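These are the residues of each chain, in order.
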Amino acid sequence: MSVQTEGTDTAGGPAVRKGRAPAPPRGADRASRSPAARLAAAPYLLLLPALVATLVLLGWPLVKNGMLSFQNLNPRQLIQHLTEWNGFHNYQQVLTGSDFWKVVERSVLFTAANVVLIMLIGTLIGLLLARLGKKMRLTLLVGLVLAWAMPVIAATTVYQWLFAQRFGVVNWVLDKLGWHSMADYNWMGGQFSTFSVIVLLIVWQSIPFVAINLYAATTTIPKELYEAASLDGAGAWQSFTSVTLPFLRPFLYSTTFLEVIWVFKAFPQVFAMNEGGPDRLTETLPIYAYVEGVGNQHFGVGAAISFLTILVLLVITSYYLRMVLKQEEDEL
Amino acid sequence: MKRSLFGRIWPNATAVVLFVGLVFPVYWMFATAFKPTGDIITDNPVWFPKHFTLSHFDRAVHADHFWTLVANSVTVTLCSVLLSLVIALFAAFALARMRFKGRRGFIVTFMLAQMAPWEVMIIAIYMIVRDGDMLNSLVPLTVFYAMMVLPLTVLTLRGYIAAVPKELEESAMVDGCTRLQAFRKVIFPLLAPGLMATSLFGFITAWNEFPLVLILNKDIEKQTLPLWLSQFQTAFGDDWGATMAASSLFALPILILFIFLQRKAVSGLTDGAVKG
């Protein structure tokens with residue numbers, strides 16, 4: 001995906017071929033017996049620690065999550081270490097309740113709003129970067145990197161302060177702009193206003209990734225393509241739609257998927273902003289699973305919600321991976 | 001191509017507006033942290049402070065358990081990054097330099113693992129850690145953070161190892177080095193920048209991690225800075241000066257690291273496509 005790996009591929013390709021020709025013994029001894037067996041096992045041995053870690057620390061929690069979702073696990077069972085299987089009861093409870101579907105709808109809308117804004121603004125900034133002079137580009141890049149580097153929880157705290165009811169700078173500005181009813185507005189008091197702040201925070205944090213990478217991608221577009229387009233009489237808009245856009249399309253697709261995955265499972269921003277409040281109205285799926293499972297101590301039900309969320313994410317992720325693998329087939 | 005005056009001005013004007021919008025939250029955090037309380041609690045915001053004070057930092061640093069939490073965060077972050085680097089180095093070498101059956105499958109596994117929804121797995125992890133009697137301990141945090149960054153570490157290190165020309169390694173082996181020696185003496189020194197960029201990502205992830213420590217460690221002595229910071233405002237009421245000072249202290253290491261390693265970090269992060 002990046003310039004760097006592509007560069008090494010073209011540089012490394014011929015070198016490898018050159019290096020291989022004068023050294024046939026390496027290929028030959030692989031076929032012979034005892035050192036060959038050791039050689040054949042070597043890659044697997046080197047991979048072993050990483051694979052064991054993945055299996056134990058990632059695979060086991062996933063399996064455990066599945067198992068928990070079929071258990072009746074409330075404070076009593078938790079304290080007495082009881083395992084009570086209850087079949088699909090948790091799923092039945094979750095899927096037939098109205099709460100869950102409301103949260104699903106909310107999560108989808110929340111994700112859609114964020115991703116549309118991120119991709120739109122991020123792409124526009126990326127294209128702007130390509131058009132700017134050197135000095136201004138560097139300035140804007142510094143701004144992007146600062147926003148990108150800001151730790152999530154620190155950023156969340158800063159946004160709470162920016163949008164504070166009293167002495168918050170946003171309310172002051174809105175008041176001065178003539179919107180006097182906003183002078184003492186409590187942003188955390190309503191569902192829509194809380195979501196607005198969270199969306200603004202996430203969009204602010206996510207734009208740099210899209211903008212910087214998109215800009216990097218535009219620098220790899222061969223200049224000849226534009227020259228050819230202008231020789232054919234294409235205007236600025238036409239050369240954009242016929243050269244820039246097709247070139248960036250794979251990048252835009254895969255980035256959109258990535259952002260969907262990231263936003264859908266966003267936890268700290270949503271939770272730290274207002275703990276899913278007011279009245280649990282800003283709980284997205286991950287927060288809902290946490291509040292039901294841990295907050296209300298219905299661990300089995302929480303695990304069922306988690307499992308459903310993981311399933312949704314798995315489907316999106318596999319689509320994303322299929323796309324990326326298709327793009328980078330030769331790199332593997 | 002000549003552009004009209006308007007065509008030359010609007011991109012720059014837009015860039016300035018965007019720059020201000022992007023930087024303002026960061027600026028406001030630091031500005032508030034250094035302003036005297038009178039300039040914070042005021043009906044007319046002081047955009048460019050003229051008086052500076054360190055009293056908010058003093059308050060944040062002397063908050064209960066602050067230094068314990070700093071020690072916890074640093075320990076957990078460094079240990080998990082180191083652990084994942086060591087494990088990843090072996091795996092990355094195999095994936096970058098050796099041809100074997102299932103290699104592609106392993107790479108896809110790590111790509112998949114990299115997208116693991118940790119935020120939604122916390123209940124299961126809580127049960128596992130509780131059954132192991134390890135709640136309120138730094139060990140599970142370290143181990144799980146190492147796992148969170150492991151897949152990306154493997155994938156990016158693979159790129160860096162593959163970028164070291166194979167001839168270098170082979171000529172070292174022709175000169176009588178074993179494969180291990182060739183790795184240690186030739187590849188490893190060339191990997192230093194790659195290792196730094198890769199560990200930057202791990203550092204950011206572990207330093208920022210929030211959901212897992214939220215559920216695992218209820219004992220304040222065993223928590224980390226993100227959790228403390230998220231509760232700071234509640235604990236200190238509306239003392240925004242101290243809250244912003246605490247945020248600044250928490251953000252500063254990452255901001256410095258990020259700016260220093262920006263270029264490498266950006267190319268490294270895009271390889272595995274993960275946001276900081």
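Conventions used here
All residue numbers refer to position in the chain's written sequence, counted from 1. A letter from A marks each chain and a number from 1 marks each ligand, given out in the order of writing. Two thresholds apply to this predicted model, a pLDDT of at least 70 for residue-level local features and 80 or more for giving and counting side-chain atom pairs, whereas whole-chain, interface and lining totals are computed over all residues. Counting from the N terminus, the helices are the DSSP runs of H or I reaching at least four residues and the strands are the DSSP runs of E reaching at least two. For this measure, only C-alpha atoms enter the radius of gyration; the expected value for a globule follows 2.2 Å times N^0.38, where N is the number of residues. Here the C-beta atoms are placed from the backbone, and a residue counts as buried if at least 20 other C-beta atoms lie within 10 Å of its own, exposed if 12 or fewer do, and partly exposed otherwise. Remark: residues whose backbone-derived C-beta atoms lie within 7 Å of one another are considered to be in contact. By definition, pLDDT measures how confident the predictor is in each residue, and it falls between 0 and 100. UniProt positions are given in the numbering used here, feature names are shortened, and annotations may be inferred rather than shown by experiment. In this analysis an axis means a line fitted to C-alpha atoms, helices contributing only their contacting stretch, and an angle means the value between N-to-C directions, from 0 to 180 degrees. Our angle categories are set so that under 35 degrees counts as roughly parallel, over 145 as roughly antiparallel, 65 to 115 as roughly perpendicular, and the remainder as oblique. Amino acids are sorted into nonpolar (Ala, Val, Leu, Ile, Met, Phe, Trp, Tyr, Cys and Pro), charged (Asp, Glu, Lys and Arg) and polar (every other residue, Gly among them). Crossings are classed by handedness, with left-handed meaning an anticlockwise turn of the near helix from the far one by less than a right angle and right-handed meaning a clockwise turn.

A. Local environment of the overall build of chain B. Within chain B, the regular secondary structure consists of 13 helices and zero strands. Scaling as 2.2 N^0.38, a compact globule of 276 residues should have a C-alpha radius of gyration of about 19 Å, whereas chain B reaches 23 Å, well beyond that. If you line up chain B on its principal axes, its C-alpha atoms span 75 × 70 × 35 Å. In chain B, buried positions account for 48% of the 276 residues. In chain B, of all internal contacts separated by at least 6 residues, the share reaching a separation of at least 24 is 76%.

B. How the structure looks around the overall build of chain A. Scanning chain A from N- to C-terminus turns up 15 helices and zero strands. A total of 332 residues make up chain A; the buried ones form 37% of that total. Within chain A, contacts between residues at least 6 apart in sequence are counted, and of these 66% link residues at least 24 apart.

C. Layout of the interface of chain A and chain B. Across the boundary between the two partners, chain A contributes 82 residues, which contact 83 residues of chain B. Top element by residues in the side of chain A that touches chain B is helix 3 (residues 34–68) of chain A. It accounts for 16 residues.

D. Highlighting the confidence of the model for chain B. Residues and elements named next belong to chain B. For chain B, per-residue confidence averages 88 on the pLDDT scale, and residues scoring 70 or more make up 93% of the total. Per-residue pLDDT stays below 50 along residues 268–276; that stretch engages in 32 contacts with residues further than four places along the chain or on separate chains. The complex prediction reports pTM at 0.87, with the ipTM value standing at 0.89.

E. Summary view of the UniProt feature "domain: ABC transmembrane type-1" (unreviewed entry) in chain B. Mapped onto the present numbering, the UniProt feature "domain: ABC transmembrane type-1" (unreviewed entry) falls on residues 70–261 of chain B. Each end of residues 70–261 of chain B is marked by a C-alpha atom, and these two atoms are 23 Å apart; helix forms 80% of the span and strand 0%.

F. Quick peek at the UniProt feature "transmembrane region" (unreviewed entry) in chain A. Under the feature "transmembrane region" (unreviewed entry), the UniProt entry names residues 39–63, 108–129, 141–162, 192–216, 251–271 and 299–321 of chain A. End C-alpha atoms of residues 108–129 of chain A are separated by 31 Å, and the span's content is 100% helix alongside 0% strand.

G. Looking closely at the UniProt feature "domain: ABC transmembrane type-1" (unreviewed entry) in chain A. Under the UniProt annotation, the feature "domain: ABC transmembrane type-1" (unreviewed entry) is placed at residues 104–320 of chain A. Span residues 104–320 of chain A is 78% helix and 0% strand, its end C-alpha atoms 21 Å apart.

H. Just unusual backbone geometry, in detail. All names here are of chain A. With an omega of 0°, the peptide bond running from Gly277 to Pro278 counts as cis. Topologically, Pro278 is positioned in the loop between helix 13 (268–274) and helix 14 (285–295). With a phi angle near 55°, Asp279 is a residue other than glycine that sits in the positive phi range. Along the polypeptide, Asp279 turns up in the loop between helix 13 and helix 14. By C-beta crowding, Asp279 is classed as exposed, having 9 other C-beta atoms within 10 Å.

I. Up close: the UniProt feature "transmembrane region" (unreviewed entry) in chain B. In this numbering, the UniProt entry assigns the feature "transmembrane region" (unreviewed entry) to residues 12–30, 74–95, 107–129, 141–165, 186–207 and 240–261 of chain B. In the segment residues 240–261 of chain B, helix accounts for 95% and strand for 0%; the C-alpha atoms at its two ends are 31 Å apart.

J. Representation of the environment of Leu225 of chain A in the model. All names here are of chain A. By secondary structure assignment, the location of Leu225 is in helix 11 (residues 223–231). The class for Leu225 is partly exposed, based on 15 C-beta atoms found within 10 Å. Placed 101 residues apart in sequence, Leu225 and Lys326 show a C-alpha to C-alpha distance of 24 Å.

K. A look at the packing of helix 8 (residues 152–162) of chain A against helix 1 (residues 5–34) of chain B. It is the contact of helix 8 of chain A with helix 1 of chain B, at a shortest axis distance of 10 Å, that shows an interaxial angle of 80°. It follows from the interaxial angle that helix 8 of chain A and helix 1 of chain B lie roughly perpendicular. Contacts from Ala155, Val158, Tyr159, Trp161 and Leu162 of chain A in helix 8 of chain A reach Pro25, Trp28, Met29 and Thr32 of chain B in helix 1 of chain B. In the contact of helix 8 of chain A with helix 1 of chain B, the residues fall into eight nonpolar, one polar and no charged.

L. Geometry of the packing of helix 5 (residues 89–96) of chain A against helix 15 (residues 299–327) of chain A. Residue and element names in this part refer to chain A. Axis separation between helix 5 and helix 15 bottoms out at 9 Å; the angle between their running directions is 70°. Judged on the interaxial angle alone, helix 15 and helix 5 are roughly perpendicular. Classified by chirality, the crossing of helix 15 by helix 5 is right-handed. Packed against helix 5, whose contacting residues are Asn90, Tyr91, Gln93 and Val94, the element helix 15 presents Gly300, Val301, Ala304 and Ile305 at the interface. Residue composition of the contact of helix 5 with helix 15, by class: five nonpolar, three polar and no charged.

M. How the structure looks around the confidence of the model for chain A. With 89% of its residues at a pLDDT of 70 or more, chain A shows a mean pLDDT of 86. Under a pLDDT of 50 for its full length, residues 1–32 of chain A has, in the predicted model, 31 contacts with residues more than four places off or in other chains.

N. View of the environment of Phe110 of chain A. Residues and elements named next belong to chain A. Inspection of the secondary structure assignment puts Phe110 in helix 6 (residues 98–131). For Phe110, a count of 22 C-beta atoms within 10 Å translates into the label buried. Linking Phe110 and Gly302, residues 192 residues apart in sequence, is a C-alpha distance of 21 Å. Phe110 has contacts with Phe195 and Thr284, leaving out every residue within four places of it along the chain.

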